[in-house]
Amino acid sequence: MEEIKKKENFITEIIDKDLAEGRYAKVHTRFPPEPNGYLHIGHAKSICLNFGLAEQYGGKCNLRFDDTNPAKEEEEYVESIKEDIKWLGFDWEDRLYYASDYFDILYDYAVKLIKKGKAYVDSLSYEEIKELRGTPTRPGKESPYRNRSVEENLKLFEKMKNGEFKEGECVLRAKIDMSSPNLNLRDPIMYRIKHVPHHRTGNKWCIYPMYDWAHGQSDSIEGITHSICTLEFENHRPLYNWFLEQLEIHHPRQIEFARLNLSYTVMSKRKLLELVEGGYVDGWDDPRMPTISGLRRRGFTPESIRNFADRIGVAKRDTMIDVALLEFSLREDLNKKAQRAMAVLNPLKITLINYPEGKTEELEAVNNPEDPSMGRRKVPFGRELFIERTDFMEDPPKKFFRLKPGGEVRLRYAYIIKCEEVVKDSEGNVVELKCTYDPETKSGSGSTRKVKGTIHWVSANHAFEAEVHLYDRLFTVEDPLADKERDFKEFINPNSLVKLKGCKLEPFLKNAKAGDRFQFERLGYFCVDSKYFKKGKLVFNRTATLRDTWAKIAKKQNL
RNA sequence: UGCCCCGUGGUGUAAUGGUAGCACAGCAGACUCUGGAUCUGUAUGUCCGGGUUCGAAUCCUGGCGGGGCAGCCA
């Protein structure tokens with residue numbers, strides 16, 4: 001029985017205190033996305049936080065779509081968001097809500113505020129309202145319509161609802177304080193007119209609540225206890241509280257935390273959209289994108305993302321998380337789960353000149369050294385094989401443990417071989433290696449001969465050909481947004497995608513299904529691309545490389 | 001130059017008035033039929049100044065630095 005690890009952070013401290021003092025009897029959170037785009041790993045942090053807290057405290061977490069702006073929102077996004085949350089492994093059970101479910105209640109609440117003299121219809125233009133709002137250092141001025149009578153406001157507000165005004169003609173505002181140092185309290189707008197159909201309420205409404213007016217009240221209606229949002233809403237909290245106090249309804253506590261920033265990528269919806277629309281990537285689910293759908297297509301596991309979210313913690317300071325931590329979480333998970341296979345990405349042919357022509361052997365390989373229960377498999381072996389071009393060097397530096405002229409190396413799960421002859425074409429390119437094998441060194445035979453290097457291989461006569469896509473970081477710099485003089489797209493890594501055709505894979509991989517994950521030994525983790533999946537003609541995406549000590553040495557020696 | 005928030009190794013995150021710990025990254029080594037995994041060791045930190053205290057990362061105060069706010073977006 002695995003117990004839920006107790007996570008401690010500034011939010012759990014607040015919750016513990018609230019519970020101890022009896023402010024709330026239970027914990028009820030919510031994840032409130034606006035359905036105007038795809039979820040990314042920053043949202044995953046919020047999802048893990050909200051659902052995780054509910055789980056940790058034996059409470060509940062709702063999914064609520066914050067669909068108060070029909071001009072931006074679409075059903076398509078609702079579906080993708082639901083899919084992503086489920087994939088991450090969280091369950092809102094029967095608690096799927098929409099802010100639009102509350103439009104009627106919100107309208108009644110607004111009437112209540114008008115009757116209290118706490119809200120009014122303003123007939124100023126957009127520009128006039130903006131002008132009178134003032135600036136951070138200059139107080140605002142009151143609108144001439146601010147003191148309309150309750151009766152007039154009621155009548156006007158109803159006319160707004162009935163569609164008797166054009167867009168921009170008037171708005172409903174809360175009557176708070178035009179000279180507040182907090183701009184959010186300078187008579188914030190509660191309703192604006194939009195003659196736009198809503199993806200759920202159709203043409204029923206032409207006035208739509210603003211975020212500030214909808215959010216806290218929606219939280220309240222759902223009985224949310226802790227309304228967790230990101231730092232940029234900190235200055236909205238006094239307004240969040242003001243509405244709830246005026247309405248005298250259930251009052252959740254808003255808590256803000258720092259959003260996730262990941263190195264070597266961008267996270268804002270607008271920037272990601274730019275990458276998609278500019279054709280820099282293959283859609284929202286491009287395996288280089290930090291979107292949940294992109295990570296999924298790349299081969300990430302939900303567990304690795306959840307573990308990552310746990311590891312980064314939650315706090316209020318702005319941070320930049322090293323993407324290496326995400327990659328660590330990934331490898332840690334895949335190392336335990338991924339079926340091993342041999343695959344040669346850049347093939348170099350070798351012929352075993354002392355191995356009988358036409359002979360084939362079935363050698364035994366382990367499917368996962370970390371998990372014996374995954375069993376073993378047979379791998380065909382023959383006279384002609386492919387090895388990785390980078391596993392041979394004609395004139396190698398020291399510390400190169402692989403094949404070299406006259407040198408020996410072990411073929412994984414097979415024999416020790418010796419390179420006897422290097423065959424070149426007219427231009428001097430190495431095209432083939434003639435080797436001998438030592439029949440006494442068969443793997444598993446008890447042979448005690450040791451050589452320093454072990455390399456992977458695939459039998460030429462049995463190899464299955466496929467395309468392999470090598471992905472790397474999308475940007476060449478840690479923070480593509482840091483340089484204000486330059487557009488972030490200038491920092492796109494030109495080698496973030498390398499497509500390899502004619503790769504030679506171990507035969508059993510031909511039966512792989514979309515999304516299946518493998519470790520190609522010595523190379524990294526790969527998965528079958530699900531977007532371009534076609535039986536018999538597979539594309540494998542490289543999810544991540546293995547930790548590569550040799551690459552480090554080679555880099556140091558400037559190779 | 002208004003209001004609000006935040007400053008702990010390279011990056012994150014603990015320590016809540018009492019030995020600055022953990023993870024990732026780095027470095028070094030052991031082991032290895034994956035230069036993987038695993039294991040061991042190691043360097044690096046409380047933004048600065050003053051104050052309270054036997055004792056301060058923690059409390060107070062003044063600086064400095066970073067972030068947020070002027071949508072009828074969320």
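The following refers to the structure shown. The shown structure was predicted, so the numbers you read here are calculated from the model rather than taken from an experiment.

What follows deals with the overall build of chain A. If you tally the helices and strands in chain A, you get 13 helices and 25 strands. In terms of overall dimensions, chain A is more spread out than a globule: its C-alpha atoms have a radius of gyration of 31 Å, far above the 24 Å expected for 559 residues. Oriented by its inertia axes, the alpha-carbon framework of chain A measures out at about 100 × 55 × 40 Å. The buried share among the 559 residues of chain A stands at 52%. Here the analysis covers contacts within chain A between residues at least 6 apart in sequence; of these, 71% occur between residues at least 24 apart. Surface summary for chain A: the accessible area is close to 26400 Å², and the carbon and sulfur share equals 48%. Between the centroid of the 93 positive side chains of chain A and the centroid of its 90 negative side chains there is a distance of 3 Å.

Around RNA strand B, 73 residues are found, and the nearest of them are E13, R340, K399, S443 and T549. A share of 63% of the atoms of RNA strand B within 4 Å of the protein falls on sugar and phosphate groups. Separating a phosphate oxygen of RNA strand B from a side-chain N or O atom of T68 is a distance of 2.7 Å. One nitrogen or oxygen atom from the side chain of T549 is found 2.5 Å from a phosphate oxygen belonging to RNA strand B. Those elements giving two or more residues to the surface near RNA strand B turn out to be helix 5 (126–133), strand 6 (189–193), helix 11 (302–312), helix 12 (323–337) and helix 13 (549–556).

Now for the sheet that holds strand 17 (residues 416–424). Note on sheets: strands pair through backbone hydrogen bonds, and any given pair is parallel or antiparallel. Pairing is mixed in the open sheet, where seven strands are placed in the order 19-16-17-18-12-15-20. Unpaired on one side and paired on the other, strand 19 (454–455) and strand 20 (457–459) mark the two borders of the sheet. Direction of pairing for strand 16 (residues 408–411) relative to strand 19: parallel, over a ladder of two bridges. Note on strand 19: the bridge partner recorded for L411 is I455.

The calculated volume of the second largest pocket comes to roughly 1200 Å³. As for the second largest pocket, its lining consists of 42 residues, of which H43, T230, E232, F233 and R259 are closest to the centre. Elements supplying a minimum of two residues to the lining of the second largest pocket: strand 1 (28–31), helix 2 (41–56), helix 7 (211–221) and strand 8 (226–230). Residue assignment places the lining of the second largest pocket across two domains, with domain 1 (10–257) and domain 2 (262–339 + 466–556) each supplying three or more.

With that settled, consider the pattern of salt bridges. Any two side chains of opposite charge can pair, on the condition that their charged atoms come close. Under the defined criterion, the tally for this structure stands at 49 salt bridges. In this structure, E364 and R376 form a salt bridge, with 3.3 Å as the shortest nitrogen-oxygen distance. Residue E364 is located in strand 13 (residues 361–366), and its partner R376 is located in strand 14 (residues 376–381); the two are separated by 12 residues in the primary sequence. A salt bridge links R412 to E521; the shortest N-O distance between them is 2.6 Å. Highlighted residues: R412 in the loop between strand 16 and strand 17 and E521 in the loop between strand 23 (517–520) and strand 24 (524–528), separated in sequence by 109 residues. Judged by relative accessible area, which is 26%, R412 ranks as partly exposed. Its relative accessible area of 6% is what places E521 among the buried residues. Shared partners join several salt bridges into a network, and the residues in it are D282, D285, R297, D529 and K531.

For soluble globular proteins, the rule of thumb is that nonpolar side chains tend to be buried together. Residues I41 and I85 are the most contacted members of the largest nonpolar core, which totals 38 residues. When residues of this core are sorted by domain, at least three fall in each of domain 1 (10–257) and domain 2 (262–339 + 466–556). Those residues in contact with I41, other than ones at most four positions away along the chain, are L260, L262, M267, P290, I292, L295, I305, F308 and L326. Listed in part, the 34 residues of the second largest apolar core include L113, I114, F157 and F165.

The full count for this structure, using the stated rule, is zero disulfides. Distance from the sulfur of C48, which forms no disulfide, to the nearest cysteine sulfur (C61) is 11 Å. C527 carries a free sulfur, and the closest cysteine sulfur to it, the one in C503, is 14 Å from it. Given the relative accessible area of 1%, C527 is considered buried.

Scanning all chains against the criterion turns up one cavity of 30 Å³ or more. Considering only enclosed or pocket space, the largest cavity measures out at about 30 Å³ in volume. Every residue lining the largest cavity is listed: Y211, D212, H215, G216, H236, Y240 and Q254. Here the lining of the largest cavity gets four residues from one element, more than from any other, and that element is helix 7. Here the residues of the lining of the largest cavity sort into two nonpolar, four polar and one charged.

Turning to the packing of aromatic side chains, a few remarks are in order. Under the defined criterion, the tally for this structure stands at 23 aromatic pairs. Where Y107 meets W205, the ring centres are 6.0 Å apart and the plane angle is 50°; that geometry is what we call tilted. Pair noted here: Y107 is in helix 4 (residues 103–115) and W205 is in the loop between strand 6 and strand 7 (207–209), with a separation of 98 residues, a long-range link. Per residue, the accessibility class of Y107 equals that of W205, and both read buried. Among the aromatic residues, those joined into a ring-pair cluster are F103, Y107, F157, Y191, W205 and Y208. Directly above the aromatic system of Y107 lies the positively charged group of K161, at a separation of 4.6 Å from the ring centroid. The ring of Y264 is capped by R473, whose NZ or CZ atom sits 4.5 Å from the centre of that ring.

Each value, and the rule that gives it
- Residues numbered from 1 in each chain as written.
- Chains lettered and ligands numbered in written order.
- Predicted model: local features only at pLDDT ≥ 70, side-chain atom pairs only at ≥ 80, totals over all residues.
- Heavy atoms only, no water.
- Helix = DSSP H or I, 4+ residues; strand = E, 2+ residues; numbered from the N terminus.
- Rg over C-alpha atoms; globule rule 2.2 N^0.38 Å.
- Buried < 20%, exposed > 50% of the residue type's maximum accessible area, 1.4 Å probe, protein only.
- Contact = heavy atoms within 4.5 Å.
- Areas by Shrake-Rupley, 256 points an atom, 1.4 Å probe, with all protein chains shown as cover.
- Lys, Arg positive; Asp, Glu negative; His and termini not counted.
- Charge placed at Lys NZ, Arg CZ, Asp CG, Glu CD.
- Near = heavy atom within 4 Å.
- Polar contact = N/O pair within 3.5 Å; in protein donor to acceptor, adjacent residues only side chain to side chain.
- Pairing = 2+ DSSP bridges.
- 1 Å grid on protein atoms, 1.4 Å probe; cavity = no way out; pocket = protein on both sides within 12 Å on 5 of 7 lines; lining within 4 Å.
- Points joined across faces, edges and corners; volume = space filled by probe spheres on them.
- Domains from an automatic or database assignment.
- Salt bridge = Lys/Arg side-chain N within 4 Å of Asp/Glu carboxyl O.
- Core = buried A, V, L, I, M, F, W, Y, C linked by side-chain atoms within 4.5 Å.
- Disulfide = S-S within 2.5 Å.
- Nonpolar A, V, L, I, M, F, W, Y, C, P; charged D, E, K, R; others polar.
- Phe/Tyr/Trp six-rings, centres within 6.5 Å; stacked < 30°, edge-to-face > 60°.
- Lys NZ or Arg CZ within 6 Å of the ring centre and 35° of its normal.

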